[in-house]
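Summary of the model geometry
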Amino acid sequence: MTATHCPYCSLQCGIELETRAGAVTALTGLESFPTNRGGLCRKGSTALELLAHPERLTSPLLRVGDELVPVDWDTALDRVAAEIRRVQERYGPDAVGCFGGGGLTNEKAYQFGKFARVALRSASIDYNGRFCMSSAAAAATRSFGIDRGLPFPLPDIAEADVLLLVGSNPADTMPPAMRWFEAGRERGAEHIVVDPRYTATAAAAHRHLQPVPGTDLALANGLLHIAIADGLVDEEYVRTRTTGFDEVRRAVRADWPDRVERTTGVPVAALRATVHALASAGQAMILTARGAEQHADGTDTVTAWINLALALGLQGRPGSGWATVTGQGNGQGGREHGQKADQLPGYRKLADPAARAHVAGVWGVDPDSLPQPGVSAYELLDSLGTDVKMLLLGASNPVVSAPNAAHVRRRMESLDFLVVTDFFLSESARMADVVFPTTQFAEEEGTLTNLEGRVLRRRKAVEPPAGVRSELEIWHALAARLGRGEFFPTEPREVYDELRRASAGGPADYAGISWERLDAGEELFWPCPSDDHPGTPRLFAELFAHPDGKARFMAVTPRGVTERTDVTYPFLLTTGRSRAHYQSGTQTRRSPTLAAAEPEALAEVHPDLARLLGLTDGDLVRLTTRRASAEVRIRCTRTIRRDTVFVPFHWPGVNDLTSARLDPTSRMPEFKACAVAVSRVPAPLSTPQEVPA
Ligand code: SF4
């Protein structure tokens with residue numbers, strides 16, 4: 001039996017793999033792992049369907065005309081190295097870009113960032129986590145001085161007397177985590193859900209607030225206004241543990257409850273009841289997730305919820321405070337060690353001379369040789385074919401998952417050369433000039449960091465299929481062909497030990513978290529600066545991470561960034577995850593069990609809206625936004641607002657519809673709200689079509 005973790009989401013449920021004759025024969029939940037205690041959702045429990053999948057890539061592929069044909073490794077690697085040299089000699093180092101993923105292990109995320117800066121000397125690197133966690137990360141960093149999704153262990157959720165979930169649906173996205181929510185309710189806790197949809201999570205809660213998509217910031221400011229007006233602010237906490245409250249107090253002065261009701265659609269009585277419940281609880285939590293964060297004002301929206309948590313004196317109190325529920329498997333670790341355009345390992349800043357000197361010292365290179373920060377994920381994708389001529393794409397499928405995806409597809413088509421590493425021929429891989437086949441979760445060693453900041457060991461149960469290599473081997477082989485192979489070890493433990501040294505002294509300090517300690521069963525949360533440090537399960541009990549030890553209130557006001565509806569596009573479109581699928585669906589759409597459970601994207605439409613449009617359940621409709629149109633079937637449900645359509649984003653075409661308007665701080669796109677028209681189509685499903693300019 002091999003104890004390891006699920007390959008999908010950030011809960012990183014513990015699993016055990018049984019092997020026989022070199023193959024994994026069974027997957028079960030690991031009872032001893034503290035977040036899932038043996039529980040698994042249907043994604044995790046069917047993960048074995050992908051290991052020996054008939055579509056698994058087992059040879060490098062090289063484009064010859066319209067075909068991708070199998071070639072040997074040396075041929076593929078030589079060709080990619082030659083293209084890197086050609087492109088960089090002609091256009092400069094930044095013309096070769098890298099785009100990573102939040103599913104990569106810590107070792108791979110670290111090595112990919114180093115590969116871009118040391119092997120390619122390119123500033124052009126970012127990753128798909130920018131589309132997931134960046135607004136919460138930016139808000140936490142500016143408010144607390146550090147970004148860790150949950151600043152407390154997951155079981156603390158059961159300790160909260162009042163829990164407010166904003167744009168979060170763990171009942172569908174991470175069902176094993178619900179045990180902690182259920183434990184809280186069994187103790188008598190009150191749970192309140194804020195979501196435009198009446199989700200499974202909302203159905204289990206005591207109260208559901210159903211705001212207009214894109215109005216969460218106004219809602220949070222409105223609650224803070226009531227807290228101030230009704231004398232609910234913890235003045236002692238605000239005075240001793242925070243700065244900047246006076247400006248925030250002034251900023252929300254005009255957010256009267258009736259005004260907030262008009263903006264958000266949430267009745268005044270519900271606003272008052274919610275904030276009074278939070279303020280009167282012994283322990284209270286506010287959890288946000290992508291519903292609140294994937295907006296062009298996502299950073300400010302999260303900040304508004306943090307402001308409320310600070311004003312009520314929650315942050316750092318046991319069983320209390322704001323937190324965000326991370327999405328991708330290594331959503332936390334993947335954003336700490338250098339895949340981001342502006343970042344060095346340990347959550348250091350690439351523009352900081354001291355950080356550059358420290359990391360360059362660990363890497364054995366001149367600090368001045370490191371490039372300066374590059375541009376964010378969408379901007380990088382938008383520059384393909386113009387500034388960036390060649391792209392190395394790993395563990396990501398942006399032609400399905402990026403916003404305004406039809407445009408991204410055109411940009412990718414305009415590249416000189418595209419290299420994709422994946423274990424399936426994703427929609428993006430089909431466009432590649434070279435595809436490298438990579439290992440899956442059960443075939444590799446490494447670490448990941450889950451939503452709690454807990455560092456976990458991924459353990460190898462079986463050898464990968466012949467012809468498959470890990471990314472660490474691929475990047476070493478490419479670096480060697482570029483004359484820099486000595487900087488890129490291929491053993492995960494060696495890479496991780498280097499990561500520990502590179503992160504030492506940084507905000508996300510892994511220096512004391514060794515594989516030996518993890519394999520001995522220690523539960524270790526970063527920061528953990530030394531071998532004898534116990535790690536930090538709970539942050540902010542006494543100090544925040546800003547130099548003065550205080551949290552910062554930030555005044556934020558709605559900017560009205562959500563696309564306006566009008567007579568042509570009269571409704572709001574929002575997107576999200578479904579229970580059976582994960583991210584771009586590259587993996588889950590290939591799982592026979594999951595594909596059968598949810599074979600296609602179904603748009604949720606309120607029956608009243610369906611009646612107005614002359615539609616019935618199962619009808620094929622065309623959704624048209626200012627960017628593109630896509631055809632999907634509808635599912636009539638009273639769980640959605642009458643003015644809103646929801647579509648899960650795991651299928652090609654859905655993100656052709658979404659907006660690439662970016663948050664000015666986090667560069668998060670406005671995935672969660674755009675204007676849409678809905679019309680019936682009698683024809684069968686067809687490929688999405690762009691709207692003429
Ligand atoms: Fe895997 Fe997440 Fe499901 Fe757990 S909740 S089994 S980590 S997908």
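Below: a short report on this structure. Throughout, residues of each chain are indexed from 1 in the direction in which the sequence is written. Confidence filtering applies because this is a predicted model: local features only for residues at pLDDT of at least 70, side-chain atom pairs given and counted only at 80 or more, and all residues used for totals across whole chains, interfaces and linings. Hydrogens and water are ignored here; the side-chain numbers use all heavy atoms of the structure.

Details of the site of the ligand
By convention in these notes, a residue is near a molecule or strand provided one of its non-hydrogen atoms lies within 4 Å of it. With respect to spatial proximity, the complete set of residues near the ligand consists of Cys6, Tyr8, Cys9, Leu11, Gln12, Cys13, Leu40, Cys41, Lys43, Gly44, Met174 and Pro176. Gly is put with the polar residues, along with every residue not named as nonpolar or charged; the nonpolar set is Ala, Val, Leu, Ile, Met, Phe, Trp, Tyr, Cys and Pro, and the charged set is Asp, Glu, Lys and Arg. The class makeup of the residues in the shell around the ligand is nine nonpolar, two polar and one charged.

Some thoughts on the environment of Gly505
Strands here mean DSSP runs of E at least two residues long; helices mean DSSP runs of H or I at least four residues long; both are numbered from the N terminus. The residue Gly505 is located in the loop between α20 (492-503) and α21 (515-519) in this model. Expressed as a C-alpha distance, the spacing of Gly505 and Pro527, which sit 22 residues apart in the sequence, is 9.1 Å.

Looking at α20
To estimate the expected span of a helix, count its residues, drop one, and scale the result by 1.5 Å. End to end, α20 covers 16 Å across 12 residues, agreeing with the expected 16 Å (1.5 Å per residue, within 8%). Among the residues making up α20, those that are buried are Pro492, Val495, Tyr496, Glu498, Leu499, Arg500, Ala502 and Ser503. Just past α20, the residue Gly505 takes up positive phi, approximately 85 degrees. Only protein chains enter the calculation, and the probe is 1.4 Å; a residue is then buried if its accessible area is under 20% of its type maximum, exposed if over 50%, and partly exposed in between.

Observations regarding the nonpolar core
Residues grouped as a nonpolar core are buried Ala, Val, Leu, Ile, Met, Phe, Trp, Tyr and Cys residues, joined through side-chain atoms within 4.5 Å. In terms of nonpolar packing, the biggest core is built from 110 residues, with Val80, Phe115, Trp305, Trp322 and Phe436 touching the most fellow members. It is helix α14 (residues 298-311) that contributes the most residues to this core, eight residues altogether. Inspection of this core shows a minimum of three residues originating in each of domain 2 (61-131 + 330-509) and domain 3 (135-324). Ignoring sequence-local partners within four residues, the contact set of Phe436 consists of Pro60, Trp73, Ala76, Leu77, Val80, Val419, Val420, Thr421, Asp422, Ile474 and Leu478. Ranked by size, the runner-up nonpolar core spans 42 residues in total, among them Ile15, Phe152, Met174 and Leu451. Each domain's extent was defined by an automatic or database domain assignment. Note on contacts: a residue pair qualifies if any of its non-hydrogen atoms lie within 4.5 Å across the two residues.

Looking at the pairing of strand β22 (residues 571-576)
With six of six residues buried, β22 is to be regarded as a mostly interior element. Burial along β22 is two-sided: the face carrying Phe571, Leu573 and Thr575 and the face carrying Leu572, Thr574 and Gly576 are both buried. As judged from the three bridges shared by β22 and strand β27 (residues 674-680), these two strands associate in the antiparallel manner. The partner of Leu573 across the bridge, within β27, is Cys674. Note: β22 against strand β26 (residues 644-648), five bridges, orientation parallel. Considered in β26, the bridge of Gly576 is made with Pro648. When DSSP locates at least two bridges between a pair of strands, those strands are taken to pair.

Quick notes on the sheet that holds strand β6 (residues 96-100)
Each strand in a sheet pairs with another by means of backbone hydrogen bonds, the pair being arranged parallel or else antiparallel. In spatial order, the strands read β5-β4-β18-β17-β16-β6-β7; together these seven strands make up an open sheet with mixed pairing. Both outer strands of the open sheet, β5 (67-70) and β7 (125-127), are each paired with one neighbouring strand and no more. Averaged over all neighbouring strand pairs, the angle between strand axes comes to 20 degrees, with direction disregarded. Both β6 and β7 contribute to a ladder of three bridges, which runs parallel. Looking at β7, one finds that Cys98 is bridged to Ile125. A fitted line through C-alpha atoms serves as each axis, taken over the contacting stretch for helices, and the angle formed by two N-to-C directions is quoted from 0 to 180°. Relative to the sheet, helix α2 (residues 73-91) contacts β4 (61-64), β6, β16 (390-394), β17 (417-422) and β18 (434-437), its axis offset from that of β18 by approximately 130 degrees. Its contacts with the sheet place helix α3 (residues 106-119) against β6, β7 and β16, and it is angled at close to 170 degrees to β6.

Treat this as a map of the structure, not an account of what it does.
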